[in-house]
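Geometric and topological summary
What follows is the residue order along each chain.
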Amino acid sequence: MHGNRSNVLLFWGEQVIHIFRNHQVVDKEIILSNLDRRIDWSREAFDLNKPNLSAHYFTFGKWVWHWLEERNFKSKDPEEQWIELNQLKSNLENPEYLIINYEDNLIFSLLSFGKIVRKLNEPIEAINEFFYSYTVANALRSEKVIIRKQLTDQLKSGKNYLAKSQKKLNELLKDEHYKLWGDLIMAHMHELKTGMEKIQLNNFYDNSKVEIQLKKELNPQKNAEVFYRKAKNKEIEIEQLKAAVERKKEEIEKWNYALQALEKADEIKDVRKNIATSLKKKPSEKSLPYFEFEHHGYKIWVGKNAISNDQLTLKYAYKEDLWLHAKDVPGSHVVIKHQSGKPFPKDVIERAAQLAAYNSKRKTETLCPVAVTPKKYVRKRKGDPAGTVVIEKEDVILVEPKL
């Protein structure tokens, strides 16, 4: 009664007149006398049906044949097979009622193989105990499947993030051109004049030519200061990346430990209490104030709310970054991260503007005006509400709000 094809049939004569599980309509076609099939246990029948024993001994299920295979039944000569078969028949006629764990599956068996979980003497008691044990084990297995997927997904995402961050960190550690440019300008101060847009100087280390773009409105010393400031900002970014890499390594280690603990857990309460809780962030961990998008290699940060907007603009954005906001309505601050020596591509600006429009009160409009300006032209006045800023200089573009 515990199988998925179990049923109760009421016969009148040879015909089924009522079934307990009405959806199993094929059971209505059963003829009572056809259920009485007998196995011929003689040696003659064995020899005659040797090529297809599974059809002749039709009551043997897969675990009976498995039990025989463990004893190399097929490789034995007919005499040994006949002895083995009779031993099997004796075992089944005088059975032990066993709950067995075989390859992480719980099985009810009359034959001993795998790991015996429990041995019982009464069949009704045994099958009820098996049903209870199987239900608990199945619930544990289902719980493990869900949590295992969560852990493996987080591990995959964490490893991808770690690889990208490590690559970016290595690039920044190798890139010393801002400091080099500042040093070269200071060393050749007498050769430079205000108004120059670029200059070629010899590298200190390999005597190669280095072309430096200058701001013509600044004198040589101010140009050098700009490059030293950028070099300092890069060092800050390196430190932040190093910290992020270390945090991610700790998280990956924690997830790997949780995955190992999950496989060892043999009670559902252990899974829920010890494993599932390890997936939750600690209350002390601070989340970033922005959502990150990427378009053609450029990072686009979108503020989560008014307080997050202030944090994004005032603490996380650098003056060289590009800042965007839907015009004249509440919405998210959006920042495109600057890449050294590269202008902001038009399609990247449009993509960031679409996000700014979508994350504003104009998200349902066909077109939305979006203010675009370098972050250095954005400031906050003392006493202004969260998320409110003043823009000193801006361009405006029209885009379709799009997530």
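Coordinates for the structure precede this section.
Residues numbered from 1 in each chain as written. Predicted model: local features only at pLDDT ≥ 70, side-chain atom pairs only at ≥ 80, totals over all residues. Heavy atoms only, no water.

**Some thoughts on the nonpolar core**
Note the following rule: Here, nonpolar core means buried Ala, Val, Leu, Ile, Met, Phe, Trp, Tyr and Cys residues that are tied together by side-chain atoms lying within 4.5 Å of each other. Residue burial is assigned from relative accessible area. The probe radius is 1.4 Å, only protein chains are included, and a residue is buried under 20% of its type maximum, exposed over 50%, and partly exposed in between. Per the convention used, a helix needs a DSSP run of H or I reaching at least four residues, while a strand needs a run of E reaching at least two, with both numbered from the N terminus. Contacts are assigned to residue pairs with any non-hydrogen atoms lying within 4.5 Å of each other.
Judged by nonpolar contacts, the single largest core of 20 residues is most densely connected at Ile300, Leu324, Val334, Ile336, Ile349, Ala352 and Val370. For this core, the secondary-structure elements that each account for two or more residues are strand S9 (298-303), strand S10 (322-326), strand S11 (334-336), helix H10 (346-358) and strand S12 (368-374). Per-element tally for this core: the top contributor is H10, with seven residues. Other than its neighbours up to four places away in sequence, Ile300 contacts Phe291, Glu292, Phe293, His295, Val334, Val335, Ile336, Val348, Arg351, Ala352 and Leu355. Formed by 19 residues, the second largest nonpolar core is a distinct cluster that contains Ile39, Phe46, Tyr57 and Phe113.

**Section: the environment of Gln354**
Inspection of the secondary structure puts Gln354 in helix H10. With relative accessibility at 17%, the residue Gln354 sits in the buried group. Note: C-alpha distance between Gln354 and Leu403 (49 residues apart in sequence) is 7.1 Å.

**Some thoughts on unusual backbone geometry**
The phi dihedral of Asn72 falls on the positive side, at around 55°, and the residue is not glycine. Mapped onto the elements, Asn72 comes out in the loop between helix H3 (62-70) and helix H4 (78-93). You will see that His296, though not glycine, has its phi angle at about 55°, which is positive. Judged by its relative accessible area of 59%, His296 falls in the exposed class.

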